[in-house]
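Examining the three-dimensional arrangement
Spelled out, the chains give:
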Amino acid sequence: MKARLLTIFLLFSVISVVFAGGSREAAKKVSSNEVVIYAHDSFASEWGAGPALCEAFEKKTGIKVNLISVGDAVQVLSNAILEKDAPVADILIGLDNNLYPKVKAADILEAYKPVDGDKVIDKTLLMEDGWLLVPYDWSSFAMIFDSESGIEAPTCLADLTKDIYRKKIILMDPRTSTPGLGFAAWTLAVYGMDGVADYWRSLKANILTMAPGWSTGYGLFTEGEAPLVISYTTSPAYHVAYGEGDKFKALEFTDGHTYQTEGAGLMKNAPNKENAKKFLDFLISAEAQEIVPETQWMYPANNSVELPESFKAVSAVPAKVLTVDMDELDKAVEIILAVLAE
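Now for a quick tour of the structure. (Residues numbered from 1 in each chain as written. Predicted model: local features only at pLDDT ≥ 70, side-chain atom pairs only at ≥ 80, totals over all residues. Heavy atoms only, no water.)

Quick notes on the overall build of the chain
Regarding its fold elements, the chain presents 14 helices and eleven strands. Against the globule reference of 20 Å for 342 residues, the chain gives a C-alpha radius of gyration of 19 Å, in line with a compact fold. Counting only C-alpha atoms, the chain reaches 60 × 40 × 35 Å along its principal axes. Within the span of the chain, comprising 342 residues, buried residues form 55% of the whole. Considering only contacts in the chain between residues 6 or more positions apart, those separated by 24 or more positions represent 78%. Taken as a whole, the chain presents about 14600 Å² of accessible surface, with 52% of it coming from carbon and sulfur. (Helix = DSSP H or I, 4+ residues; strand = E, 2+ residues; numbered from the N terminus. Rg over C-alpha atoms; globule rule 2.2 N^0.38 Å. Buried < 20%, exposed > 50% of the residue type's maximum accessible area, 1.4 Å probe, protein only. Contact = heavy atoms within 4.5 Å. Areas by Shrake-Rupley, 256 points an atom, 1.4 Å probe, with all protein chains shown as cover.)

The following block contains the structure:
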């Protein structure tokens, strides 16, 4: 099992580096009729929102999109910081509310409010009520459960520490994955700085793996490697839409749930700034946002877009929403990693 997981991780890493590296070299040749976007792998993949959005934008405007996958959202930010003085990308896609403090501190983005921003985006999705990141989707974090696994479904975070879930939980690394960071934030919101270490000590034996990103982790889950994985309340809509039934359930915990808002940011000194602004205008349009639910498997940020039947069948917003002290999140992640290394 360990050898298989390591092989999957290494293969994923090599593919990601090769694809990103080659595309980034090509992107350095600036064209006046293009826009360069760094995105996380699930967005840029053939089954993600990226290809369909880029095709629609190119058809509408005639502007070519160079969409570059650089791993997960944390890696999107890291690459952009490294290129801060001579940016290759015009837009960063996939940065979220949990990463926002790091995004702001990096000082690599320029605030931009799309033309129809105030009309179609709910203010609750804005980060610090500003437009440093343009929201394009959102959902609540949840544990997804295989209801045909033969074990009892957990009802709260504390339940995940029970012996019946030994090596039955797939999580993601909070250093490289926004769902991984989101789960860390969830445990911080429930247990606080004083209790997060003890919680993770109790949870540690039940973690099958800490995958490098959502695509790898969720893939292991659907292959049957474990009956529980961190994802979103909207994730089961995928399985319904593709005729796989409803055996995968998003569990609503009595603790409440944290949420994720994903955003797109305009790079300072972007080589193709005007084209980038046009893409951000397009990204929150109804035309673009109708693509989001059944590609990103998240709620669209544009509040005028009607949800598809797959969402109506299985997804629900949790009754209790938790907030996180972002000033404490970095320290909490350090504590969690230290516990996992013990």
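Resuming the write-up.
Section: the packing of helix H7 (residues 178-203) against helix H14 (residues 326-341)
Packing of H7 against H14 brings their axes to within 9 Å, and their N-to-C directions diverge by 65 degrees. With respect to the hand of their crossing, H7 and H14 are arranged in left-handed fashion. Here Leu181, Ala184, Ala185, Thr187, Leu188, Met193, Val196, Ala197, Trp200 and Arg201 of H7 lie close against H14, whose contacting residues are Glu328, Leu329, Lys331, Ala332, Val333, Ile335, Ile336, Val339 and Leu340. (Axes fitted to C-alpha atoms, helices over the stretch in contact; angles between N-to-C directions. Left-handed = near helix turned anticlockwise from the far one by under 90°.)

Some remarks on the nonpolar core
Soluble globular proteins tend to bury their nonpolar side chains together. Formed by 103 residues in total, the largest nonpolar core has its most connected members in Leu92, Leu160, Phe183 and Trp200. If one sorts the elements of this core by residue count, H7 sits on top with eleven residues. Setting aside residues no more than four positions away along its own chain, Leu160 makes contact with Met143, Pro154, Tyr165, Ile169, Phe183, Tyr199, Leu203, Asn206, Leu228 and Phe253. (Core = buried A, V, L, I, M, F, W, Y, C linked by side-chain atoms within 4.5 Å.)

Brief notes about a negative patch on the surface
A cluster of acidic residues, Asp194, Asp325, Asp327 and Glu328, forms a negative patch at the surface. Mapped onto the fold, Asp194 is located in helix H7. (Patch = residues over 30% accessible without salt bridge, like charges linked within 9 Å, V, L, I, M, F, W, Y side chains within 5 Å. Salt bridge = Lys/Arg side-chain N within 4 Å of Asp/Glu carboxyl O. Lys, Arg positive; Asp, Glu negative; His and termini not counted. Charge placed at Lys NZ, Arg CZ, Asp CG, Glu CD.)

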